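Here are the chains, one letter per residue:
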Amino acid sequence: MTWTVTPEAYDSPVAAALWRAYYTEVSDRWYLLHEGRRTDPDELEREIAARSGADLAPPRGRLLVARYAGEPAGTAGVRLLDGATAELTRVFLREGMRGRGGAALLVGAAEEAARELGAARIVLDTRGDLVEARSLYARLGYTETAAHNDDPYAEHWFTKPLAPAAA
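Residues numbered from 1 in each chain as written. Predicted model: local features only at pLDDT ≥ 70, side-chain atom pairs only at ≥ 80, totals over all residues. Heavy atoms only, no water.

So, on to the overall build of the chain. Assigned secondary structure in the chain consists of 4 helices and 7 strands. Secondary structure elements of the chain, listed N to C terminal, follow the sequence β-α-α-β-β-β-α-β-α-β-β. Taken over C-alpha atoms, the radius of gyration comes to 15 Å for the chain, in line with the 15 Å a tight globule of 167 residues would show. With respect to the three principal axes, the spread of C-alpha positions in the chain is 50 × 40 × 30 Å. Counting across all 167 residues of the chain, residues that qualify as buried make up 43%. Here the chain contributes 20 positively and 25 negatively charged side chains, and the mean placements of these two sets differ by 4 Å. (Helix = DSSP H or I, 4+ residues; strand = E, 2+ residues; numbered from the N terminus. Rg over C-alpha atoms; globule rule 2.2 N^0.38 Å. Buried < 20%, exposed > 50% of the residue type's maximum accessible area, 1.4 Å probe, protein only. Lys, Arg positive; Asp, Glu negative; His and termini not counted. Charge placed at Lys NZ, Arg CZ, Asp CG, Glu CD.)

Below, the structure is given as structure tokens:
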């Protein structure tokens, strides 16, 4: 079986389904850890609606979808924060697709998209309980750094310099 990673419209049905899966998982993990319950369905719907992903649309962003054997399996997004800095976001693989190399492939494709947008470095934030994500980023050369945003759920911030895009 093979992986492919391609750009996807942030508002496509595929992107919407993967965003719902991503948000449900990370939200449920937070609530289970901190409050011993899953996300309230009404809150889930409000948050999904409030975070459309429009900031991942060209010309200042990209949403990428990974497919495994043709089936949508995960996402990664990049958006320019300024002329030299891109932010990596929505890195997600469906649970059954993990451990097959897709996450590193997605992050690599997102880094390439950030270079194409003109970024010289890429930043991201994550939570302490998302240990798999923190391990992935460290393995891919990201280093922990000072906060670059005030997201109330962010607990760890990472950065990585990007070599210029190949000519």
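With respect to topology, 7 strands assemble into an open sheet ordered E1-E2-E3-E4-E5-E7-E6, the strand pairing being mixed. Each edge of the open sheet is held by one strand with a lone partner, namely strand E1 (3-7) and strand E6 (143-145). Sheet twist, expressed as the average angle between the axes of neighbouring strands with direction ignored, equals 30°. Direction of pairing for E6 relative to strand E7 (residues 156-161): antiparallel, over a ladder of 3 bridges. The partner of Thr143 across the bridge, within E7, is Thr159. Strand contacts of helix H1 (residues 13-35): strand E2 (61-68), strand E3 (71-80) and strand E4 (85-93), with the helix running at about 85° to E4, the strand carrying the most contacts. (Pairing = 2+ DSSP bridges. Axes fitted to C-alpha atoms, helices over the stretch in contact; angles between N-to-C directions. Contact = heavy atoms within 4.5 Å.)

On to the packing of aromatic side chains, then. Under the definition given, this model contains 8 aromatic pairs. Between Trp30 and Tyr153 the ring centres are 5.3 Å apart and the planes differ by 85°, which places this aromatic pair in the edge-to-face class. Separated by 123 residues along the polypeptide, Trp30 in helix H1 and Tyr153 in the loop between E6 and E7 bring together distant segments of the chain. Each residue in the set Trp19, Tyr22, Tyr23 and Phe92 is aromatic and connected to the rest through ring pairs, giving one cluster. Directly above the aromatic system of Tyr31 lies the positively charged group of Arg37, at a separation of 4.1 Å from the ring centroid. (Phe/Tyr/Trp six-rings, centres within 6.5 Å; stacked < 30°, edge-to-face > 60°. Lys NZ or Arg CZ within 6 Å of the ring centre and 35° of its normal.)

Moving on to the nonpolar core. Counting residues in each nonpolar core, the largest one holds 38 residues, and the members touching the most others are Val78, Leu88, Ile122, Tyr137 and Tyr142. Of all the secondary-structure elements, those providing two or more residues to this core are H1, helix H2 (41-50), E2, E3, E4, helix H3 (102-116), strand E5 (121-126) and helix H4 (131-139). The contacts of Tyr142, once residues within four sequence positions are left out, are Leu88, Val107, Glu111, Ile122, Leu124, Tyr137, Phe158, Thr159 and Lys160. (Core = buried A, V, L, I, M, F, W, Y, C linked by side-chain atoms within 4.5 Å.)

This brings us to the pattern of salt bridges. Where side chains of opposite charge bring their charged atoms close, a pairing between them can arise. Per the counting criterion, the structure on display carries 13 salt bridges. Between Arg29 and Glu25 there is a salt bridge, and its shortest N-O distance comes to 3.8 Å. With Arg29 and Glu25 both in helix H1, this residue pair falls 4 residues apart, about one helical turn. Salt bridges here are not isolated pairs; linked through shared partners, they connect Glu25, Arg29, Arg98 and Glu132. (Salt bridge = Lys/Arg side-chain N within 4 Å of Asp/Glu carboxyl O.)

Moving on: the packing of H1 against H2. The geometry of H1 relative to H2 is characterised by a closest axis approach of 11 Å and an angle of 130° between their N-to-C directions. Considering their axes alone, H1 and H2 lie oblique with respect to each other. Seen along the crossing, H1 lies across H2 with a hand that is right-handed. Contacts between H1 and H2 involve Trp19, Arg20, Tyr23, Thr24 and Tyr31 on the former and, on the latter, Glu43, Leu44, Glu45, Glu47 and Ile48. For the contact of H1 with H2, a count of residues per class yields 5 nonpolar, 1 polar and 4 charged. (Parallel < 35°, antiparallel > 145°, perpendicular 65-115°, else oblique. Left-handed = near helix turned anticlockwise from the far one by under 90°. Nonpolar A, V, L, I, M, F, W, Y, C, P; charged D, E, K, R; others polar.)

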